[in-house]
Amino acid sequence: MSRRPAHVTTGAYAPPVAGRELTAVSADGARLHVEVHGEASAPPVVLAHGWTCSTAFWAAQIRDLARDHRVIAYDQRGHGRSPVGLRHTTTVLADDLVAVFKATLAPGERTVVAGHSMGGMTIMAAAGRPEFTEHVAAALLCSTGSARLVAEALVLPLRAGRARTRMTRAVLGSRAPLGPVTPVASKVLKYATMGPATAPDRVEAVARIVHGCPAAVRYAWSQVLAGLDLGEDLARLTVPTAVLAGTRDRLTPITHARGLAAALPHCLGLTELTGMGHMTPVEAPEAVTRAVRELADLYVEPGADRRSNDTPSKEKTP
């Protein structure tokens, strides 16, 4: 496994140490770093992070939910400790999520799956898979969208139109390394991705995670997101699904969340977090954790006999 965690290592936003680590192997052979937190017999929750992030992004949710759930978090290919894959498409995002299910859930075992940003897109892309139907009892789409991401992004203070779309694509699709986390870099990242009232320690936590993503990986996935169109996949997301987003989100503005809520076959409701930006699991950790917990309480049956079906050869000592 590639070792490139660049997150905060001490304090409230340092990710907890996993109870177990394992490798899930996707359909094309890509290897995914997976962490399991909590008791093996507890009801499962699967967390899929977004573009340029890692399992560390879910630190607050993992710490809280692992008290009474089995929390499964994984690094999307090329992110965190998952090696860079050869392919970058929404199809492989779906393949990767299915691989995580196979590596961590027993046959027929049901879970809540929560996805932030590209993680939410992963859920949509996988919704039509038989493995998704087998394992997913309910879903949370957090700060995400299904199409027109570049055209509707508000990261540049320009009037909507071709010029803004072209410039936004150039900015989000830059090949340049982000460099070290400096006060100026943190200020720029905060403007683009977080609400204006976000506390400095939360900004730092996000900046360290995002700056740890390799530039080539950031660029490759930016091209996928720029051409995203998951309308047909969204129609296949028939499990009970909640939507959550910040009203000051510049990357996936609140109109995306409202559109998802209107289009979902079984939407449980839309939670709009006033003043929050795109990085809601860090900006508003209690609200996001509460949304996941409520879904798990409603749709996932606890059971003492549940355990993961990964083989001992896949496990590693943290």
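Provided above is the structure to which this section pertains.
Reference entry: report on the structure contained in this document. (Residues numbered from 1 in each chain as written. Predicted model: local features only at pLDDT ≥ 70, side-chain atom pairs only at ≥ 80, totals over all residues. Heavy atoms only, no water.)

Time to look at the pairing of strand S5 (residues 111–116). Of all 6 residues making up S5, 6 are buried, and the element is well covered by its neighbours. What you see with S5 is no split at all: Thr111, Val113 and Gly115 on one side and Val112, Ala114 and His116 on the other are buried throughout. The pairing of strand S3 (residues 44–48) with S5 spans 4 bridges and is parallel. Considered in S5, the bridge of Ala48 is made with Gly115. (Buried < 20%, exposed > 50% of the residue type's maximum accessible area, 1.4 Å probe, protein only. Helix = DSSP H or I, 4+ residues; strand = E, 2+ residues; numbered from the N terminus. Pairing = 2+ DSSP bridges.)

Here we come to helix H11 (residues 254–263). Every α-helical turn comprises 3.6 residues, leaving residues that sit three or four positions apart pointing alike. Within H11 the residues assigned to the buried category are Ile254, His256, Ala257, Leu260 and Ala261. Angularly, the buried residues of H11 cover 155 degrees about the axis, an arc narrow enough to put them on a single face. Where the residues of H11 are buried, they touch helix H3 (118–126), strand S6 (136–142), helix H5 (149–152), helix H10 (231–235), strand S7 (241–246) and strand S8 (267–273). (Arc of directions from axis to C-beta. Contact = heavy atoms within 4.5 Å.)

Proximity of charged atoms lets side chains of opposite charge pair with each other. By the definition in use, this model includes 13 salt bridges. The shortest N-O distance in the salt bridge between Asp64 and Arg67 comes to 3.1 Å. In this structure Asp64 comes out as partly exposed when scored by relative accessible area, which is 28%. Between Arg293 and Asp68 there is a salt bridge whose closest N-O contact spans 2.7 Å. One end of the pair, Arg293, is in helix H13 (residues 285–299); the other, Asp68, is in the loop between helix H1 (59–65) and strand S4 (70–74), and 225 residues separate them in sequence. A relative accessible area of 17% places Arg293 in the buried class. Of the residues examined, Asp68 reaches a relative accessible area of 35% and is grouped as partly exposed. (Salt bridge = Lys/Arg side-chain N within 4 Å of Asp/Glu carboxyl O.)

With that out of the way, let us pick up the packing of helix H2 (residues 90–104) against H3. For any two helices packed against each other, one specifies the inter-axial angle together with the distance between the axes. Close contact between H2 and H3 brings their axes to 8 Å; oriented N to C, the two are set at 85 degrees. Here H3 runs roughly perpendicular to H2, going by the angle between their axes. On H3, the residues that touch Thr90, Leu93, Ala94 and Leu97 of H2 are Met118, Thr122, Ile123, Ala125 and Ala126. Among the residues forming the contact of H2 with H3, the class breakdown is 7 nonpolar, 2 polar and no charged. (Axes fitted to C-alpha atoms, helices over the stretch in contact; angles between N-to-C directions. Parallel < 35°, antiparallel > 145°, perpendicular 65-115°, else oblique. Nonpolar A, V, L, I, M, F, W, Y, C, P; charged D, E, K, R; others polar.)

As far as function goes, none of this settles anything; it's purely spatial.
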